[in-house]
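Listed below, chain by chain, are the residues.
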Amino acid sequence: MAHIPDGILSVPVLISGAAVAAAGVGLGLRRLDDRLIPRAGLLAAAVFVASLVSIPVGPSSVHVLMSGLMGIMLGVAAFPAVLVVLLLQALLFGFGGLTTLGVNTVNIALPGVLSALLLGPALRKAGHATTRAALAGLVGALSVAGTGLLVALSLALSSSDYTPVATVLVATYVPLMIGEGFVTATIVAFLARVQPDALRPVAP
């Protein structure tokens, strides 16, 4: 349930999420130079398609987020890419909502960007393929964990009635952390062999 629908979150949470998302998107657009736009478009398209495959887990469902991979390859420019994906999903398929677009963007993009900022430098300098893959998997897993915690926090801050649901939702993200870590590690390992520059955001 990374896509929180309309009518659930409180106004303060919606406003706060929109403000943080606007700041992230604004900063991301300033870093999104002409060389990075094609990469952002390809990643957004891949995430859009991959996220259409949902797997039921308990009372909710999960799908790959690939926000950690976007953070590694795009840096803060992942914010506008995630925004575009979520907007199209809301308009075309009814995933999430328009009023929650800011909160959902932050919940998905921010953990991926922060995880990549934390571990990305070590990942790119890693001299051994196994170490690089392990770091990439950790980025993927941490980004999902961060998303789960932010979704739970968004619900809990909106109403205490959502606290039990938020707790259950965090647990549903554990299997996704494992899967996301594996997917991210596999893709990064492949790119490191065929196009290592793709693992470094073009814009400084």
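These remarks concern the structure in this document. (Residues numbered from 1 in each chain as written. Predicted model: local features only at pLDDT ≥ 70, side-chain atom pairs only at ≥ 80, totals over all residues. Heavy atoms only, no water.)

What about the overall build of the chain?
- When helices and strands are tallied, the chain shows seven helices and two strands.
- Scaling as 2.2 N^0.38, a compact globule of 204 residues should have a C-alpha radius of gyration of about 17 Å, and the chain matches this with 16 Å.
- Dimensions of the chain along its principal axes, counting C-alpha atoms only, are 50 × 35 × 30 Å.
- Every one of the 204 residues in the chain was classed for burial, and the buried ones make up 50%.
- For the chain, the share of sequence-separated contacts (at least 6 apart) that also reach a separation of at least 24 residues comes to 77%. (Helix = DSSP H or I, 4+ residues; strand = E, 2+ residues; numbered from the N terminus. Rg over C-alpha atoms; globule rule 2.2 N^0.38 Å. Buried < 20%, exposed > 50% of the residue type's maximum accessible area, 1.4 Å probe, protein only. Contact = heavy atoms within 4.5 Å.)

What to know about the side chain of E180
- Residue placement: E180 occurs in helix α7 (residues 163-194).
- Despite its burial, E180 pairs with no opposite charge; the closest candidate is R124, at 15 Å N-O.
- There is a polar contact of 3.0 Å between the side chain of E180 and the backbone nitrogen of L65.
- Discounting residues that sit within four places of it in the chain, E180 has contacts with V64, L65, M66, S67, G140 and V144. (Lys, Arg positive; Asp, Glu negative; His and termini not counted. Salt bridge = Lys/Arg side-chain N within 4 Å of Asp/Glu carboxyl O. Polar contact = N/O pair within 3.5 Å; in protein donor to acceptor, adjacent residues only side chain to side chain.)

Concerning unusual backbone geometry
- In this model, M66 sits at a positive phi of 60 degrees, which is unusual for a non-glycine residue.
- As for its placement among the helices and strands, M66 is situated in the loop between β2 (60-62) and α3 (67-74).
- Classification of M66 by relative accessible area gives buried; the value is 10%.

Digging into the environment of G17
- In this structure, G17 sits in helix α1 (residues 11-31).
- For the pair G17 and R39, spaced 22 residues apart in sequence, the C-alpha separation works out to 26 Å.
- Setting aside anything within four residues of it in sequence, one finds G17 in contact with G102, V103 and V106.

A short note on the packing of α3 against α7
- Two elements in contact, α3 and α7, have axes separated by 9 Å at closest approach and are oriented at 30 degrees. Here α7 runs roughly parallel to α3, going by the angle between their axes. Between α3 and α7, the contacting residues are S67, L69, I72 and M73 on the first element and E180, T184, I187, V188 and L191 on the second.
- Considering only residue class, the contact of α3 with α7 consists of six nonpolar, two polar and one charged. (Axes fitted to C-alpha atoms, helices over the stretch in contact; angles between N-to-C directions. Parallel < 35°, antiparallel > 145°, perpendicular 65-115°, else oblique. Nonpolar A, V, L, I, M, F, W, Y, C, P; charged D, E, K, R; others polar.)

Notes on a nonpolar patch on the surface
- A contiguous nonpolar surface patch, about 820 Å² in accessible area, is contributed by L52, V53, V84, L87, L88, L91, L92, F93 and L98.
- Within the secondary structure, L91 is located in helix α4 (residues 78-93).
- On the accessibility criterion, L91 (55% relative accessible area) is exposed. (Patch = residues over 30% accessible without salt bridge, like charges linked within 9 Å, V, L, I, M, F, W, Y side chains within 5 Å. Areas by Shrake-Rupley, 256 points an atom, 1.4 Å probe, with all protein chains shown as cover.)

Observations regarding the environment of I108
- Within the secondary structure, I108 is located in helix α5 (residues 101-125).
- Residues I108 and V151, 43 residues apart in the sequence, show an inter-C-alpha distance of 8.9 Å.
- Discounting residues that sit within four places of it in the chain, I108 has contacts with A2, H3, L65, S67, V82, L86 and T147.

So, the pattern of salt bridges
- For the coordinates displayed, the defined rule picks out one salt bridge.
- For R35, the salt bridge goes to D33, with nearest N and O atoms at 2.7 Å.

Overview of the environment of A2
- Mapped onto the elements, A2 comes out in the segment before α1.
- On the basis of relative accessibility, which here comes to 6%, the residue A2 falls in the buried class.
- With 145 residues separating them along the chain, A2 and T147 place their C-alpha atoms 7.2 Å apart.
- Non-local contacts of A2, meaning those with residues more than four positions away in its chain, are made with L65, N104, I108, T147, V151 and Y173.

A short note on the nonpolar core
- Counting residues in each nonpolar core, the largest one holds 52 residues, and the members touching the most others are M70, I72 and L74.
- Among the secondary structure elements, those contributing two or more residues to this core are α1, α2 (37-50), α3, α4, α5, α6 (129-158) and α7.
- When residues of this core are assigned to their parent elements, the largest contribution, eight residues, is made by α5.
- Once residues within four sequence positions are removed from consideration, M70 is found in contact with L43, V47, G75, A78, A81 and V82. (Core = buried A, V, L, I, M, F, W, Y, C linked by side-chain atoms within 4.5 Å.)

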